[in-house]
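The residues making up each chain are set out below.
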Amino acid sequence: MDADEFRRLWNEIEPVGRAESGGYLRYSWTEPDLDLRTWFHTQSKRRGLRYEEDRNGNLYAWWDPEKEQVVDPDAPHPHGAVLTGSHFDSVPHGGAYDGPLGIVSGFLAVDQLRADGAIPKRAIGVAAFTEEEGGRFGVPCLGSRLMAGVIDPDRARMLTDPDGVTLAEAMSSAGAEPDLLGPDPERLERLAAFIELHIEQGRTLDGSESPVAVASAIWPHGRWRVTFTGEADHAGTTRLPDRRDPMLTFAFAVLAARKEARLAGGVATIGRVEVEPNATNAIASQVTAWLDARAPDDAVLGEILTGFESKVSERAGRDGTSVAIEAESETPIVEFDASLRDRIAAILGGAPVLPTAAGHDAGVLSAHVPTAMLFVRNPTGVSHAPGEAASDADCAGGVDALAAVLRDLAC
Ligand code: HGY
Ligand code: MN
Ligand code: MN
């Protein structure tokens, strides 16, 4: 794939949803997302692919074979389709590549295969999964979790964004049908493999020979909503010993999260907080914060959470406040299909194999479909921030790698 050819298609979506900060505000079912969904439909039509939107708002563009043939009799699903793709949505002011790179690369890999005269023996699909970041409704990988039946559709419909708009309302406003949300086993059953290409969220590949790596695993990780409750009062006239200030317990919790993660060998972040009443001259009544914790294995993750809970509860006792910790999403460790992983690493001439601490739709689907991930070099490793970037040459290298994998699996 020529880097200029990558850049031409990339430029079609690069401005969509970009903020002054240079980061992106691509929240599911908002205008930028709807523009990207329209773009996806146009790409599908432009290539004569069969366009589908499933009951959960995930999109597909299918390159159907003239006649289905068995490509690999030993495959778990001799007639199944091979799906690639990723997500459009971003975290607030996130980078341009996290998600969209996998979708653009999917369309370009189809172009590359056609240019090489490849004939698919099983369907090849490009997918766009909705609400992967959970940036609007708070639960990550929502579209793939709904498809896999691992989240209750009623809970999903009632998820709200920061303005109190429910997912159901947002979908209805966009002309989608929230009543249809739910598991899609038939669609999963038709898949023989899912391959997600993604920018590396780290810099292991920086300086390596290969612009592309293959994923071995996704760290277990989760999100917890932590609510600190105290007593609102006057910032000036309330004596210090009489205060029950949840901000103190919150401040302690931020440091405790970091310390517990460091001691246990994982990572923990509190990057989002809401304060009531959020007034300069009033002691807060309540502070809500979100903990994101991740670790190389479940035991370490458990250690972080246990340590965090006990230290913060003890501190609340001293502050006269109370703390409630509620899991919003928990993802166990994902070990990608070893035979698919090794087959892909071999196709790519012995590409590096590395784990990631970032969650992906591939992590959700891996419980139902043989799944693999390709990572494209990210020279700075920065992600979930405006500075996230990959070179056009490396992105074109990612397309070549994806095309080689799709050719091997489906043609
Ligand atoms: O949060 C994550 O790990 C992913 O980028 N959604
Ligand atoms: Mn992300
Ligand atoms: Mn992503």
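Residues numbered from 1 in each chain as written. Chains lettered and ligands numbered in written order. Predicted model: local features only at pLDDT ≥ 70, side-chain atom pairs only at ≥ 80, totals over all residues. Heavy atoms only, no water.

Engineer: Go over the packing of helix H1 (residues 3-13) against helix H3 (residues 100-115) with me, naming the residues and quoting the values.
Structural biologist: Contact geometry of H1 with H3 gives a least axis separation of 10 Å together with a crossing angle of 130°. One finds that H1 runs oblique with respect to H3. For the crossing formed where H1 meets H3, the hand is right-handed. Facing Glu5, Phe6, Leu9, Trp10 and Ile13 of H1, the residues of H3 in contact are Pro100, Leu101, Val104, Phe107 and Leu108. (Axes fitted to C-alpha atoms, helices over the stretch in contact; angles between N-to-C directions. Helix = DSSP H or I, 4+ residues; strand = E, 2+ residues; numbered from the N terminus. Parallel < 35°, antiparallel > 145°, perpendicular 65-115°, else oblique. Left-handed = near helix turned anticlockwise from the far one by under 90°. Contact = heavy atoms within 4.5 Å.)

Engineer: I'd love a proper account of the nonpolar core, names of residues and values included.
Structural biologist: Core analysis: the largest hydrophobic core is formed by 56 residues, its most contacted members being Phe40, Ile195 and Leu374. For this core, the element with the most residues is helix H12 (residues 392-410), which contributes ten residues. Beyond its immediate stretch of four places on either side in the chain, Ile195 contacts Val82, Leu83, Thr84, Gly85, Leu340, Ile344, Ala372, Leu374, Leu402, Val405 and Leu409. (Core = buried A, V, L, I, M, F, W, Y, C linked by side-chain atoms within 4.5 Å. Buried < 20%, exposed > 50% of the residue type's maximum accessible area, 1.4 Å probe, protein only.)

Engineer: An account of the site of ligand 1 is needed here, citing residue identities and associated values.
Structural biologist: Near ligand 1, the surroundings consist of Asp98, Glu132, Glu133, Gln201, Arg294, Ala358, Gly359 and His384. With respect to ligand 1, the side chain of Glu133 contributes an N or O atom lying 2.9 Å from a nitrogen atom. Alone, ligand 1 offers 210 Å² of accessible surface; in the complex the protein occludes 94% of this. The residue inventory of the shell around ligand 1, partitioned by class, reads one nonpolar, three polar and four charged. (Near = heavy atom within 4 Å. Polar contact = N/O pair within 3.5 Å; in protein donor to acceptor, adjacent residues only side chain to side chain. Areas by Shrake-Rupley, 256 points an atom, 1.4 Å probe, with all protein chains shown as cover. Nonpolar A, V, L, I, M, F, W, Y, C, P; charged D, E, K, R; others polar.)

Engineer: Any chance you could break down the coordination of the manganese ion (ligand 3) for me, citing the residues and the numbers?
Structural biologist: Each protein donor to the manganese ion (ligand 3) is listed here as His87 (NE2), Asp98 (OD) and His198 (NE2); together their distances run 2.1 to 2.2 Å. Sequence positions of the donors to the manganese ion (ligand 3) reduce to the motif H-x10-D-x99-H. For Asp98, a relative accessible area of 5% corresponds to the buried category. (Donors = N, O, S within 2.8 Å, 3.2 Å for Na, K, Ca; no water.)

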